[in-house]
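# Secondary and tertiary structure notes
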Number of protein chains: 2
Amino acid sequence: MTELVRDVNEDELLRRIFPLLPVGGSTQVGPGDDAAIVAASDGRFLVSADVLVQDRHFRMDWSTGADVGHRAAAQNFADIAAMGGRPTALVVSLVLPGETPVDWVEDLARGLGEACKPVRAGVVGGDLASGEEIAVSVTVHGTLDWREPVLRSGARPGDVVAYAGVSGWSAAGLALLESGLVRPAGNHPLVRAYLRPDPPLEAGRRAARAGATAMLDVSDGLLRDAERIAVASGVRIDFDPGAFAGERRVLSDAALVVAQAALRAGGAEELVGDLGQAEAANRLMSQWIWSGGEDHGLLAAFPGDATLPEGWTVIGRVLKPGQASPKVMIGGRRPAISSGWDHFQR
Amino acid sequence: MTELVRDVNEDELLRRIFPLLPVGGSTQVGPGDDAAIVAASDGRFLVSADVLVQDRHFRMDWSTGADVGHRAAAQNFADIAAMGGRPTALVVSLVLPGETPVDWVEDLARGLGEACKPVRAGVVGGDLASGEEIAVSVTVHGTLDWREPVLRSGARPGDVVAYAGVSGWSAAGLALLESGLVRPAGNHPLVRAYLRPDPPLEAGRRAARAGATAMLDVSDGLLRDAERIAVASGVRIDFDPGAFAGERRVLSDAALVVAQAALRAGGAEELVGDLGQAEAANRLMSQWIWSGGEDHGLLAAFPGDATLPEGWTVIGRVLKPGQASPKVMIGGRRPAISSGWDHFQR
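Residues numbered from 1 in each chain as written. Chains lettered and ligands numbered in written order. Predicted model: local features only at pLDDT ≥ 70, side-chain atom pairs only at ≥ 80, totals over all residues. Heavy atoms only, no water.

### Topic: the relation of the copies chain A and chain B
Rotating chain A by 180° about the axis while translating it 0.0 Å along that axis superimposes it on chain B, leaving an RMSD of 0.0 Å. Look at the turn and shift together and you get a two-fold axis relating the two. Nearest to the rotation axis, the C-alpha of A:Gly43 is located 2.4 Å from it, this being the minimum over chain A. By residue overlap, the copies meet face to face through one surface: 100% of the interface positions of chain A are interface positions in chain B. (Least-squares fit on C-alpha atoms with pLDDT ≥ 70 in both. Contact = heavy atoms within 4.5 Å.)

This is the structure we're talking about:
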């Protein structure tokens, strides 16, 4: 019989989880007291938070507990990397329905632990509460190691815009799962990118060392997040229409099968109109790459004469602020793509 | 017409909340970037987390948004105080159903802000997500200001046990609300203690300076939390049966009316048996004081010869570990009171 959260008391559940969580290289006092103590050698710390809610951010029939744990950690780490920092510690609050299997919670802890290991971050505390649906609330901490942070507000006209990580993979993986064409448990790289994003954490620190003027984690879609840099920096961003040629090669098969399935199901008029299948696939790819959120790649601006570090590709440039023109363009024109994700609008 | 969360987009909701949140004295980079930056001058920081879930930790018809915000902040601050620290920054993640009034969320932000002001803590970041029920997940940060932390594990035989803050007030306030005898919006001090706990934050720092050997925030009930100190320190704790005489005077009227109401409703057999009303009220008070959680008072051990700082009252002593005897006693005997709150058991 599956053991459920309601069958064990809170202390017992904590006893089961704690051994699965890494201590971390910066932890001075770990879980078990009123508060944990984490080192902040340079006299300040980075902090950010993300919450994942069942049936909004993950589906129990697609994601294992370990997938959710990995994803919660990884997307938080991306926020630290986007400042030029290095993750040190997580705090995790879980809201769990009584009918959640204890196995699932242990699996979540394992997923958090696996994601933490490469960066030597620890899980130093948290809270447990019961509720109607699972919510995984993670607060991440990081260190700048005495360097200056890379904010969103430093991009200057003349800078190049560059990207690190994958783009469109997560949205493509989600589309494959939604279409029923690929099963979550397989090892399809796009589905895996959706279930377990792998942000380019080291690229963030390399960008900071190379003099990046602005940087952010792309979680809501490239166009939408680029606009955040443009607004914060008081500039415009113009993307190269030929950017992401490599991503298009990776995504093309998935786009074709998803477009075929959509056309077969007769539900793709708004996407395709009277276009053919190839053009439908092309539009799908553009949508995934430019508006698909949750790849957690990094978008940054570098001085025009900077040597880009490993993992970074130029995809556009920073322009002076315009008058009426859009803040973010592709090839000098307003993108014909909806801009991205809003949690309360869809 | 009431404006609802689903009527505004995420950016707009953030624009409404941000001006209501205090910046804080330790904030170097506030909300709006991928991560915030908080000062940690002594090279480390305290961190703890608590989550409040609708209908588990608060009821929408009893608590205003400001009550919930105040409580979320206050109980987190208590965890920092219990280490001997001073709160510096909060991170707040909100899960909100689409039908939550925007007013309620603004009110929550105001409550957080009011609680932050006296300690000069800032709200430096967070996340928003939609869900089926409201969950307010707060991570609190604090500084030790170069002092050593007061852990749970330092109590030694011969120490005195002391308490700062109120005890039983929150449980009494909840009982008054549940019995329908008092309305939440009034200014009844016990109801207010339940809706807006006011932990003795300064007493925590004074205890640290006075040499407290162990300390914790009493959130799950005095007996249960005392056992945590006993286990962590490898000692026993014996409370004075005459402790909290002052609290009994404050609580006696409330205990009488709640006992009367319970006896009238005929649902108090398990509590009262064939005892009279006065004895029923007496038992109720003991239950509230020794097992009622959420007052967020501080329980600490001090060396036997220490001069107790302002706000602290001796309520017991630390004994050597026993063999089969209970870890926590009242007057040398196993308490005839159930020990406290478990989130997954009730």
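### Notes on the packing of aromatic side chains
Residues and elements named next belong to chain A. All chains considered together, the criterion is met by 11 aromatic pairs over all chains. Geometrically, the ring pair formed by Tyr163 and Phe244 is edge-to-face, given 5.4 Å between the ring centres and 80° between the ring planes. Pair noted here: Tyr163 is in strand β7 (residues 160–164) and Phe244 is in the loop between β9 (236–239) and α8 (245–265), with a separation of 81 residues, a long-range link. Relative accessible area serves as the criterion here: at 10%, Phe244 is assigned to the buried category. (Phe/Tyr/Trp six-rings, centres within 6.5 Å; stacked < 30°, edge-to-face > 60°. Helix = DSSP H or I, 4+ residues; strand = E, 2+ residues; numbered from the N terminus. Buried < 20%, exposed > 50% of the residue type's maximum accessible area, 1.4 Å probe, protein only.)

### Remarks on the domain arrangement of chain A
Residue and element names in this part refer to chain A. We note that the domain assignment places domain 1 (5–143) and domain 2 (160–330) within chain A. The centre of domain 1, based on its C-alpha atoms, is set 27 Å off from the matching centre of domain 2. Listed by partner, the interface residues are 21 residues for domain 1 and 19 residues for domain 2. Taking both sides of the interface into account, the surface hidden between domain 1 and domain 2 amounts to around 1,700 Å²; carbon and sulfur atoms contribute 61%. If you sort the residues of domain 1 by the area they bury against domain 2, Trp62, Arg71 and Ala82 come out on top, with a joint share of 36%. (Domains from an automatic or database assignment. Buried area = accessible area lost by both parts, 1.4 Å probe.)

### Some words on the interface of chain A and chain B
Facing the 66 residues of chain A at the interface are 66 residues of chain B. Taking both partners together, chain A and chain B bury about 5,300 Å²; carbon and sulfur atoms supply 54% of that area. Scanning the region where chain A abuts chain B turns up 10 salt bridges. Note that A:Glu132 and B:Arg56 form a salt bridge whose closest N and O atoms lie 2.8 Å from each other. The interface formed by chain A and chain B includes 27 residue pairs in polar contact (both at pLDDT 80 or more). By residue number, the principal contributor to the side of chain A that touches chain B is strand β3 (residues 44–53) of chain A, which donates 9 residues. Here the side of chain A that touches chain B is composed, by residue class, of 33 nonpolar, 16 polar and 17 charged. Direction of pairing for strand β2 (residues 36–39) of chain A relative to strand β3 (residues 44–53) of chain B: antiparallel, over a ladder of 4 bridges. Residue pairing in the sheet places A:Ala39 in a bridge with B:Arg44 of β3(B). (Salt bridge = Lys/Arg side-chain N within 4 Å of Asp/Glu carboxyl O. Polar contact = N/O pair within 3.5 Å; in protein donor to acceptor, adjacent residues only side chain to side chain. Nonpolar A, V, L, I, M, F, W, Y, C, P; charged D, E, K, R; others polar. Pairing = 2+ DSSP bridges.)

### Observations concerning the UniProt feature "binding site: Mg(2+) 4" (unreviewed entry) in chain A
Within this structure's numbering, the places UniProt gives as "binding site: Mg(2+) 4" (unreviewed entry) are A:Asp34, A:Ser48 and A:Asp79. Judged by maximum C-alpha separation, these annotated positions cover 46 residues in sequence and are scattered in space, the widest gap reaching 26.4 Å. Take A:Asp34: it is sitting in the loop between β1 (27–29) and β2. Other than its neighbours up to four places away in sequence, A:Asp34 contacts B:Ser48, B:Asp79, B:Ala82, B:Met83, B:Arg152, B:Met215, B:Leu216 and B:Asp217. If you trace the backbone, A:Ser48 turns up in strand β3. For A:Ser48, a relative accessible area of 8% corresponds to the buried category. Apart from residues lying up to four places away in sequence, A:Ser48 is in contact with A:Asn76, A:Asp79, A:Val138, A:Thr139, A:Val140, B:Asp34 and B:Ala35. Among the polar contacts made by the side chain of A:Ser48, one reaches the side chain of A:Asp79 at a distance of 3.5 Å. (UniProt positions renumbered as here; feature names shortened; annotations may be inferred.)

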